[in-house]
Amino acid sequence: MFGKATKNFVRETDSGGDLIPVSHLNASDKLQLLSLVTKRRKFWCWQKPKYHFLTVTLSDVLTEDKPIKPVIVESDFAKYMGKFEDFVQGSIETSFVKFSLGAGGKGYVENQSSFGNLRKQEVDLQQLMKDVKDRTIDLNSSLLQQVIERKREVLCILREKIITTQRCTISEHIQTEEKVSGVMGCTAKTIKVSVSENGSLVKDSSVILEIPPATAIAYGVIELFIKHNGQFEFCLLDEQQGGFEKESTEGSAYTHSVQFRDASFLYQPDAVDNEMYSGAKNLVLSDASISILKQEIHSFIFHCFLGKDLSRLKIQFQPFVKLPEDKQRALYKTLCELLLHEEMVTALGDMFDDICTGDKPDLEELKIEQQRDLLDFLQLLGCSLKSELLLQKYQPQDEELFSAAHLLISAISELPDDTLVLLRACCDLQVVPALCCLPNVASADGTVALSSPLVATLADRGRFEVVQRLFASSNISLEMTEFSVKAVTMKEPRFFPLVLYVALYGFHALGGNV
């Protein structure tokens, strides 16, 4: 709940900016200005980096034993109140069944946030640069050696944070309805954030979380570029990338086979790290036919991973097609259920990344039953667990299958919450095969005739409206005329169309249709 509320806050107040939402409430106390933060680069360019807060500050890793006393500037940030809704209603009629669709977790999701008056605390950078002039970082320290060895990590400092000034509560209410026409259930979830003025709490919710004053809900960092002699620079411009000088770009952090190394590529400039990297705007052409997704695109995404067309995706997901039918169904059902629980999708994505880098998966934030669900998913992939209690070592028996699952999970974990729910709806409505065909059959202007049997399911107005919202959430415009549909990218679509199609191809393959 906390992560959902802070994510909404950042999206509404600083979309495309420097702020990063605080994912967990217990991380708030670790956010001290000038604390060191590691930014872990992910496997695919569309993935947001993962940040880890360290218990030391910049002063602790400098060679001279002279503490830095940062000048902290505090100011009013905003009085934040917001209400976010996601509701999809489509009446679908076929020769088999009639039912209504609700989205947001198969129903209605409402998020009301009122963090009250917020304050911003930030470091005076001009003074900080004077204080650290001519000082160097001790690269021989055990901490720095660990960061360097990981290869995918960049060292940062915490430069600013947004904190609450009042006690707030986050409440979550979930209501489950009976199945409709024996086809699907309907779950309504309401999440609210409100300021507690008189100590009273919301009483009509299933779960209530109280947030004390001075809780950090968002933060910003500055990456460091560290030279081999310990000299360092602050990366103050968007195009500047942090890291270590002469950092090796050979090999991979994957601890498994060549198949894993081929399926990923080493880090490129952030495409989605708060959208600061200007090249992210040009990853996919604006106002272009959806057919461009099967052509060679000048962005580094396709050059580095997908090659010249989407055929690499079909090859990558072939392990799904080869699975026995019962295991296909089990994986498909499990993943469809996960689409309704964004926190589980995120946790599963982190778990896959940790496994591939040889790290211990961190599941402390999850409930016991949630941990079991993730472990059960790994068992479906044939992973043998060496230490179930310590979660220290997994051994994929089928590395190609594990790699395919990693790619799919990495894509869906980067999709917005509403997109996940709409994707689930499209799976239930059995329109995924038609959507996967669109890039291959669309004309130069993005038009596809509804008479084509490949896209016939889109002729149904109810299905079309759900697909239209799915595409819109991924920066693709979909319109219908009497005889055709037209799909074109929106202005500056960035990575969203690509990631959506990675997810669509993965679910399509689990149906044995690639």
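Refer to the structure printed above.
A brief report on the enclosed structure follows.

Definitions and cut-offs
- Residues numbered from 1 in each chain as written.
- Predicted model: local features only at pLDDT ≥ 70, side-chain atom pairs only at ≥ 80, totals over all residues.
- Heavy atoms only, no water.
- Helix = DSSP H or I, 4+ residues; strand = E, 2+ residues; numbered from the N terminus.
- Buried < 20%, exposed > 50% of the residue type's maximum accessible area, 1.4 Å probe, protein only.
- Contact = heavy atoms within 4.5 Å.
- Areas by Shrake-Rupley, 256 points an atom, 1.4 Å probe, with all protein chains shown as cover.
- Polar contact = N/O pair within 3.5 Å; in protein donor to acceptor, adjacent residues only side chain to side chain.
- Axes fitted to C-alpha atoms, helices over the stretch in contact; angles between N-to-C directions.
- Parallel < 35°, antiparallel > 145°, perpendicular 65-115°, else oblique.
- Left-handed = near helix turned anticlockwise from the far one by under 90°.
- Nonpolar A, V, L, I, M, F, W, Y, C, P; charged D, E, K, R; others polar.
- Core = buried A, V, L, I, M, F, W, Y, C linked by side-chain atoms within 4.5 Å.
- Pairing = 2+ DSSP bridges.

1. A few points about the overall build of the protein chain
When helices and strands are counted, the protein chain shows 16 helices and 19 strands. Within the span of the protein chain, comprising 514 residues, buried residues form 53% of the whole. Across the protein chain, every contact between residues at least 6 apart in sequence was considered, and the portion connecting residues at least 24 apart equals 73%. Summing over all exposed atoms, the protein chain offers an accessible surface of approximately 23,300 Å²; the carbon and sulfur share of this is 47%.

2. Quick word on the side chain of Thr419
With respect to the helices, strands and loops of the structure, Thr419 is situated in helix H13 (residues 417-428). The buried category is assigned to Thr419, whose relative accessible area is 0%. Side chain to side chain, Thr419 and Ser473 meet in a polar contact 2.8 Å long. In this structure, Thr419 is in contact with Leu470, Ser473 and Ser474, ignoring residues within four places of it in sequence.

3. Some remarks on the packing of helix H12 (residues 399-412) against helix H16 (residues 496-510)
Interaxial distance between H12 and H16 falls to 8 Å at its minimum, and their mutual angle equals 135°. Compared by their axis directions, H12 and H16 come out oblique. As H12 runs across H16, the sense of the crossing is left-handed. Seen from H12, the contacting residues are Leu407, Leu408, Ala411 and Ile412; seen from H16, they are Val499, Val502, Ala503, Gly506, Phe507 and Leu510. Considering only residue class, the contact of H12 with H16 consists of 9 nonpolar, 1 polar and no charged.

4. Some thoughts on the environment of Leu54
Mapped onto the elements of the fold, Leu54 is located in strand S3 (residues 50-57). Accessibility expressed as a relative area gives 15% for Leu54, which makes it buried. The sequence separation of Leu54 and Val37 amounts to 17 residues, and the corresponding C-alpha distance is 5.7 Å. Aside from chain neighbours lying at most four places away, what touches Leu54 is Leu36, Thr38, Leu143 and Leu155.

5. Quick notes on the packing of helix H14 (residues 432-441) against H16
Closest axis-to-axis distance for the H14/H16 pair is 9 Å, and the angle between their directions is 130°. Between H14 and H16, the interaxial angle falls into the category oblique. H14 and H16 meet at a crossing whose hand is left-handed. Side by side, H14 and H16 meet where Val432, Pro433, Leu435, Cys436, Leu438, Pro439 and Asn440 of the first sit next to Tyr501, Leu504, Tyr505 and His508 of the second. Partitioned by chemical class, the residues of the contact of H14 with H16 number 9 nonpolar, 2 polar and no charged.

6. Some thoughts on the nonpolar core
Phe320, Ile412, Leu435, Phe471 and Tyr501 are the most contacted members of the largest nonpolar core, which totals 83 residues. The leading source of residues in this core is H16, at 12 residues. Listed in part, the 51 residues of the second largest apolar core include Val10, Leu34, Val61 and Ile162.

7. Let's talk about the pairing of strand S8 (residues 153-164)
Burial runs high along S8: 11 of the 12 residues are buried. Bridge analysis of strand S2 (residues 35-40) against S8 gives 5 bridges, and the strand direction is antiparallel. What sits directly across from Leu36, in S8, is Ile157. As paired strands, S8 and strand S12 (residues 216-226) are joined by 7 bridges and run antiparallel to one another. Across the sheet, Glu160 pairs through a bridge with Gly220, a residue of S12.

8. Some words on the sheet that holds strand S18 (residues 476-480)
The strand order across the open sheet formed by 3 strands is S17-S19-S18, and the pairing between neighbours is antiparallel. In the strand order of this sheet, the two ends are held by strand S17 (447-449) and S18, each with one partner. With direction set aside, neighbouring strand axes in the sheet form an average angle of 20°. Across 3 bridges, the pairing between S17 and strand S19 (residues 484-489) is antiparallel. Looking at the pairing, Ala449 lines up with Ser484 of S19.

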